[in-house]
Amino acid sequence: MLPARRDTDAMRRAIQVAQRAWVHDDVPVGALVFDAAGDVLAEACNRREVDGDPTAHAEVLALRAAAAVHGDGWRLTGCTLVATLEPCTMCAGAAVLARVERVVFGAPDDKAGAVGGLWDVVRDPRLPHRPEVVAGVLADECGQQLRAFFAGRRPG
């Protein structure tokens, strides 16, 4: 399977995973990690509300779960992190420290994005590892999911 097709298929799955966050009244962000062969190692949605944990972002949870099954300890060499929303500084930093090969995201985050949006943590030349970035995969669908969630929560 070609990488672009794999990224699109993975993002579709991440969008489905993001739906689970609505059950906990959390922002619908979904993430998954797949290995070089295209096998999904882990998937997660935001769980900040249900866990009472400010670090329970979908990306961090997916990276943790993937590291537990990847077979190279915490190093996710050859793996791809897919997220429906551009990762924040914490999640972008976690991806760099996990040594993922690629970061793929859907909707840009103008308020907290750290993969080329507000900041560019993953491509900072001062860091020892810089993953490839693929931005905007199914961005409209990812953005629509977020807009639908916030439509009834924010005035105006």
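Residues numbered from 1 in each chain as written. Predicted model: local features only at pLDDT ≥ 70, side-chain atom pairs only at ≥ 80, totals over all residues. Heavy atoms only, no water.

Undergrad: What exactly am I supposed to notice about the pattern of salt bridges here?
TA: Once their charged atoms are close, side chains differing in charge can pair, the charge on each being opposite to the other. The final tally for this structure, using the stated rule, is ten salt bridges. For E132, the salt bridge is made with R102, and the minimal N-O distance between the two is 3.6 Å. Taken together, the residues E132 in strand β5 (residues 132–135) and R102 in strand β4 (residues 102–107) connect sequence positions 30 residues apart. Classification of R102 as buried rests on a relative accessible area of 9%. Three or more residues are tied together by salt bridges with common partners; here these are R5, D9 and R12. (Salt bridge = Lys/Arg side-chain N within 4 Å of Asp/Glu carboxyl O. Helix = DSSP H or I, 4+ residues; strand = E, 2+ residues; numbered from the N terminus. Buried < 20%, exposed > 50% of the residue type's maximum accessible area, 1.4 Å probe, protein only.)

Undergrad: It is not clear to me how the sheet that holds β5 should be interpreted in this structure. Could you clarify?
TA: Neighbouring strands of a sheet are bound in pairs by backbone hydrogen bonds; such pairs are parallel or else antiparallel. Taken in spatial order, the five strands of this open sheet run β2-β1-β3-β4-β5, and their pairing is mixed. Edge positions in the sheet fall to β2 (40–45) and β5, since each of these pairs with one other strand and no more. Averaged over all adjacent pairs, the angle separating strand axes in this sheet is 15 degrees, with direction ignored. Pairing analysis gives four bridges linking β4 to β5, with the strands arranged parallel. Its bridge partner lying in β5, V104 is registered against V134. Helix-sheet contacts for helix α5 (residues 139–151) involve β3 (80–85) and β4, and the interaxial angle to β4 is about 60 degrees. (Pairing = 2+ DSSP bridges. Axes fitted to C-alpha atoms, helices over the stretch in contact; angles between N-to-C directions. Contact = heavy atoms within 4.5 Å.)

Undergrad: What should I look at first to understand the pairing of β3 in this one?
TA: Two faces make up the sheet, and in a regular strand the side chains alternate between them. Of all six residues in β3, six are buried; the element is thus mostly enclosed. In this structure, strand β1 (residues 30–34) lies alongside β3, joined through four bridges in antiparallel fashion. Each residue of the ladder has a partner; that of V33, found in β3, is L81. Handedness of the β3-helix α4 (residues 89–97)-β4 crossover: right-handed. (Right-handed = clockwise from strand over helix to strand, strands pointing away.)

Undergrad: Honestly, α5 in this entry has me stumped. Any pointers?
TA: Along an α-helix, residues three or four positions apart point the same way, because every turn accommodates 3.6 residues. Compared with the 18 Å implied by 1.5 Å per residue over 13 residues, the 18 Å span of α5 between its first and last C-alpha is a close match. Those residues of α5 that fall on the buried side of the exposure criterion are C142, G143, Q145, L146 and F149. For α5, the arc enclosing every buried residue in end-on projection is 155 degrees, short of the 170-degree limit, so these residues lie on one face. Turned more than 90 degrees away from the buried face of α5 sit D140 and A151, all of them exposed. (Expected span 1.5 Å × (residues − 1). Arc of directions from axis to C-beta.)

Undergrad: Help me out: how do you make sense of the environment of F34 in this one?
TA: Structurally, the position occupied by F34 is in strand β1. For the pair F34 and V100, spaced 66 residues apart in the sequence, the C-alpha separation amounts to 9.9 Å. F34 has contacts with R6, D7, A10, D39, V40, L41, C79, T80, V82 and R102, leaving out every residue within four places of it along the chain.

Honestly, it's all geometry; don't read function into it.
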